[in-house]
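Commentary on secondary and tertiary structure
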Amino acid sequence: MSENAFQALAAGWSIRQIADVRKVSVRTIQREIERAVAKRRLDAPDRFIHLQLARLTKALRVTDLRLDHGELAAVAPLLKVVAALERYHRSIDPRDPVHAPPAHLALPAPPLALTHAASQCDTAERATDFGA
């Protein structure tokens, strides 16, 4: 149950709302959330980044819809969301092992090279052959 409380908190519910729905005390929900956070401690930064990116992506969709409906007031929130998203996205450096393609992924074959390209002499000869 502690994971459910954590997920509800991450989705934007207050601790009081979670407690009211579950018909338990606020302190019970706080303990459950503390247990869920303690379990995640080793991978907390990665989890936090994924959580924040999910939230920001949702905010981006909402502001985008508002702009589609002609609400110019959505421009400022959109710019804030985009700026926040940029904080979480590193520039992609191909030398960084995080961004290297997986070893088991076969790369596509390189494009075929032309085996014979017409030179200007060939083109001129053909032109005279056809009476040009």
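Refer to the preceding data block for the structure.
What counts and what doesn't
- Residues numbered from 1 in each chain as written.
- Predicted model: local features only at pLDDT ≥ 70, side-chain atom pairs only at ≥ 80, totals over all residues.
- Heavy atoms only, no water.
- Core = buried A, V, L, I, M, F, W, Y, C linked by side-chain atoms within 4.5 Å.
- Buried < 20%, exposed > 50% of the residue type's maximum accessible area, 1.4 Å probe, protein only.
- Helix = DSSP H or I, 4+ residues; strand = E, 2+ residues; numbered from the N terminus.
- Salt bridge = Lys/Arg side-chain N within 4 Å of Asp/Glu carboxyl O.

**Re the nonpolar core**
Formed by Ala5, Phe6, Ala8, Ile18, Ala19, Ile29, Ile33 and Ala36, the largest nonpolar core amounts to eight residues. Only helix 1 (2-10), helix 2 (15-22) and helix 3 (26-39) provide two or more residues apiece to this core. Core analysis: the second largest hydrophobic core is formed by five residues, Leu53, Val81, Ala84 and Leu85 among them.

**Focus: the pattern of salt bridges**
Scanning the entire structure with this criterion turns up four salt bridges. A salt bridge links Arg16 to Asp20, with the shortest nitrogen-to-oxygen separation between them at 3.5 Å. Here the residue Arg16 and the residue Asp20 both occupy positions in helix 2, the gap between them amounting to four residues, near one helical turn. Take Asp20: its relative accessible area is 44%, and that puts it in the partly exposed class.

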